[in-house]
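Residues per chain are reported as follows:
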Amino acid sequence: MSTPVQDVRMSPAAAVGLVASREISTRVKSKAFRVATVVMLLLIVIGIVLLKLISGGSGADSTVGYTPATAVFSAPLQAGGKTVDEKIDVVQVADEAAGRAKLADGSIDALLTGDGKTVHVQVKKDLDGKLANVLQLLSQQVAIDQQITALGGDPARFKAAIASAKFIEDTPLEQPYDYNGAQLGLGIAAGILIYLSLMINGQTVAQGVVEEKTSRVVELLLSTIKPWQLMAGKVLGIGVVGLIQMLVIGVGGLVTVTATGALPDLSLSSAVGTVVWLIVWYLLGFFMYSIVFAALGALVSRQEDVGGATMPALMFVIAGYVIGISVLPSNPGSTFVEVLSVIPVFSPTLMPIRLAMGGVPVWEAALSVVLVLLMIPGLIWLAARIYRNAVMRTGAKVKLRDALRAA
């Protein structure tokens with residue numbers, strides 16, 4: 001008497017989970033993943049540290065010494081420096097001889113000499129261009145004060161009147177948003193990370209599909225599970241691996257920014273919010289594009305053909321990234337970018353940049369998320385149809401219209 005054959009087919013969720021866990025285990029343990037993650041994290045950390053070093057902290061741009069006779073110039077000199085964005089520290093010296101000694105040993109960059117009626121300056125070798133501009137402004141102010149005094153006026157009252165004179169600005173037609181440099185830098189960094197993640201992990205999905213086709217592993221897998229389950233599991237597994245990478249890089253960057261104070265104008269809440277939105281848009285963008293990459297990868301049978309097959313989808317990723325980093329730095333409130341950032345194919349690369357910069361209306365952020373979520377089911381259906389009809393066909397590239405036909 002024969003033993004009945006049991007049905008060993010697993011549930012759809014279990015099948016997808018099995019494929020996903022295989023992808024996660026294989027890729028997380030791979031040397032390529034670890035090296036890529038470490039390299040990207042190091043690049044972010046080094047970039048933040050360099051930004052801190054270039055910004056130069058709170059040190060003065062120039063240090064100027066003055067004698068008791070020229071003490072009257074110290075305050076106007078510092079005030080003039082602020083007008084040309086030059087931070088000037090002033091140091092009193094006992095006399096001109098002491099000041100020259102400080103010039104010689106590099107303690108000061110310039111020394112004010114003379115009787116305090118005209119501006120005289122002495123340097124060790126040459127005079128800094130910005131400092132020269134400040135000294136020129138100071139000389140002009142001294143000349144104006146002398147002329148006012150000669151005419152019987154009071155220079156102090158004249159300066160007070162000039163300082164209090166202000167224009168009146170009426171209420172603007174539209175309320176502007178103040179974008180600071182820290183927000184802009186954070187937005188560009190978010191855009192770059194999203195772009196790199198979509199490019200790297202999306203291409204990985206397509207390459208994985210082709211690898212299984214050429215090794216004939218897909219035939220063995222499809223004898224146990226359905227094509228859509230294999231595709232979904234692969235996308236889910238690689239997506240989780242990419243998420244782990246994004247978390248490591250995002251948290252590492254956040255810790256570095258906080259520790260170094262590289263962006264002093266950036267609040268901790270803004271930085272944390274950017275990391276959260278970065279993860280959200282990575283997940284949305286990855287799942288939207290990766291299912292398309294999986295379907296397009298199924299059309300070819302050679303790794304060298306993957307780039308050509310996925311290029312139509314990649315163009316949208318590249319276009320969004322290029323528009324974001326080229327337009328937003330010079331025009332943060334661009335209406336053109338605002339409209340594009342809500343369109344699903346551009347949202348994953350443009351909306352994270354705008355959200356990091358701030359000033360995005362809640363309804364725009366919500367609408368962009370909803371539109372992507374509504375688009376993903378349709379893409380899954382379309383991609384699953386292409387994948388099912390093309391993944392078992394090797395040799396020449398399968399035409400898209402043939403893959404869209406019913407099997």
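Keep in mind that what you see is a predicted model, and the values were worked out from it rather than measured.

1. Quick word on the overall build of the protein
Working step 1: If you tally the helices and strands in the protein, you get 15 helices and four strands.
Working step 2: Going through the 407 residues of the protein one by one, you find that 39% of them count as buried.
Working step 3: Look at the contacts in the protein between residues 6 or more apart in sequence, and 74% of them connect residues 24 or more apart.
Working step 4: Per element, the accessible surface of the protein, about 21900 Å² overall, is 64% carbon and sulfur.

2. Details of a nonpolar patch on the surface
Working step 1: A contiguous nonpolar patch, built from Val38, Leu42, Ile46, Val49, Leu50 and Leu53 and spanning about 540 Å² of accessible area, is present on the exposed surface.
Working step 2: Relative to the helices and strands, Leu53 is located in helix H2 (residues 31–55).
Working step 3: The class of Leu53 is exposed, set by a relative accessible area of 61%.

3. Examining the nonpolar core
Working step 1: Ile194, Trp281, Phe286, Tyr289, Leu299 and Tyr387 are the most contacted members of the largest nonpolar core, which has 67 residues in total.
Working step 2: Of all the elements in the fold, those that place two or more residues in this core are helix H1 (12–28), helix H7 (181–215), helix H9 (227–260), helix H10 (268–297), helix H11 (306–327), helix H12 (335–340), helix H13 (347–357) and helix H14 (362–390).
Working step 3: Tallying contributions element by element places H10 first for this core, with twelve residues.
Working step 4: Beyond its immediate stretch of four places on either side in the chain, Leu299 contacts Lys213, Ile386, Ala390, Ala396, Lys397, Val398, Leu400 and Ala403.
Working step 5: Membership of the second largest hydrophobic core comes to twelve residues, among which are Tyr66, Ile88, Leu131 and Leu138.

4. Here we look at the packing of aromatic side chains
Working step 1: Under the counting rule described, the total for this entry stands at five aromatic pairs.
Working step 2: Between the aromatic rings of Tyr282 and Phe286, the centroid separation amounts to 5.7 Å while the plane-to-plane angle is 25°, which identifies the pairing as stacked. In this pair, Tyr282 and Phe286 are both assigned in helix H10, four residues apart and thus about one turn of the helix distant.
Working step 3: Residue class for Tyr282 comes out buried when judged on its relative accessible area of 0%.
Working step 4: By relative accessible area, Phe286 is classed as buried at 1%.
Working step 5: Through pairs of rings, three or more aromatic residues link up here, namely Tyr282, Phe286 and Phe287.

5. Points about the pattern of salt bridges
Working step 1: Tallied over the full model, the rule gives eight salt bridges.
Working step 2: Note that Glu23 and Arg27 form a salt bridge whose closest N and O atoms lie 2.8 Å from each other. One end of the pair is Glu23 and the other is Arg27, both in helix H1 and four residues apart, which spans about a single turn.
Working step 3: One continuous salt-bridge network, built from bridges that share partners, spans Arg22, Glu23, Arg27 and Lys234.

6. Comments concerning the pairing of strand E3 (residues 110–113)
Working step 1: Taking every second residue as pointing to the same face, both faces of E3 are buried, with Ala110 and Leu112 on one and Leu111 and Thr113 on the other.
Working step 2: In this structure, strand E1 (residues 62–66) lies alongside E3, joined through three bridges in parallel fashion. When the bridges of E3 are listed, Gly65 appears paired with Leu111.
Working step 3: The hairpin formed by E3 and strand E4 (residues 120–122) contains six residues between the paired strands, and Gly114 there has a positive phi angle of roughly 100°.

7. Focus: the UniProt feature "transmembrane region" (unreviewed entry) in the protein
Working step 1: Following the UniProt record, one finds the feature "transmembrane region" (unreviewed entry) at residues 32–54, 181–198, 235–255, 275–299, 306–328 and 365–384.
Working step 2: Helix makes up 100% of residues 235–255 and strand makes up 0%, while its end C-alpha atoms are separated by 30 Å.

8. Observations regarding the sheet that holds E4
Working step 1: Taking strand neighbours across the sheet as the criterion, the four strands line up as E2-E1-E3-E4 in an open arrangement whose pairing is mixed. Each edge of the open sheet is held by one strand with a lone partner, namely strand E2 (88–92) and E4. For this sheet the average axis-to-axis angle between neighbouring strands, irrespective of direction, equals 30°.
Working step 2: Relative to E2, E1 runs parallel, the two being bridged by five bridges.

9. With respect to the side chain of Lys234
Working step 1: Within the secondary structure, Lys234 sits in helix H9.
Working step 2: Within the structure, Lys234 has its side chain in polar contact with the side chain of Glu23 (distance 2.5 Å).
Working step 3: Sequence-distant contacts of Lys234, that is, excluding residues within four places in its chain, are made with Val19, Glu23, Val205, Gly208, Val209 and Glu212.

10. Some thoughts on helix H5 (residues 129–150)
Working step 1: With 22 residues, H5 should cover 32 Å at 1.5 Å per step; its first-to-last C-alpha distance of 32 Å lies within 8% of that length.
Working step 2: Every buried residue of H5 is listed here: Leu131, Val134, Leu135, Leu138, Val142, Asp145 and Ile148. Across the axial projection of H5, the buried residues extend over an arc of 140°, all falling on one side. Residues of H5 that are exposed and angled more than 90 degrees away from the buried face: Gln147 and Ala150.
Working step 3: Regarding H5, its N-cap is Asp128, as a side-chain oxygen of that residue lies 3.1 Å from the backbone nitrogen of Lys130 further along.
Working step 4: Phi turns positive, to about 90°, at Gly152, one or two residues after H5.

Definitions and cut-offs
Residues numbered from 1 in each chain as written. Predicted model: local features only at pLDDT ≥ 70, side-chain atom pairs only at ≥ 80, totals over all residues. Heavy atoms only, no water. Helix = DSSP H or I, 4+ residues; strand = E, 2+ residues; numbered from the N terminus. Buried < 20%, exposed > 50% of the residue type's maximum accessible area, 1.4 Å probe, protein only. Contact = heavy atoms within 4.5 Å. Areas by Shrake-Rupley, 256 points an atom, 1.4 Å probe, with all protein chains shown as cover. Patch = residues over 30% accessible without salt bridge, like charges linked within 9 Å, V, L, I, M, F, W, Y side chains within 5 Å. Salt bridge = Lys/Arg side-chain N within 4 Å of Asp/Glu carboxyl O. Core = buried A, V, L, I, M, F, W, Y, C linked by side-chain atoms within 4.5 Å. Phe/Tyr/Trp six-rings, centres within 6.5 Å; stacked < 30°, edge-to-face > 60°. Pairing = 2+ DSSP bridges. UniProt positions renumbered as here; feature names shortened; annotations may be inferred. Axes fitted to C-alpha atoms, helices over the stretch in contact; angles between N-to-C directions. Polar contact = N/O pair within 3.5 Å; in protein donor to acceptor, adjacent residues only side chain to side chain. Expected span 1.5 Å × (residues − 1). Arc of directions from axis to C-beta.

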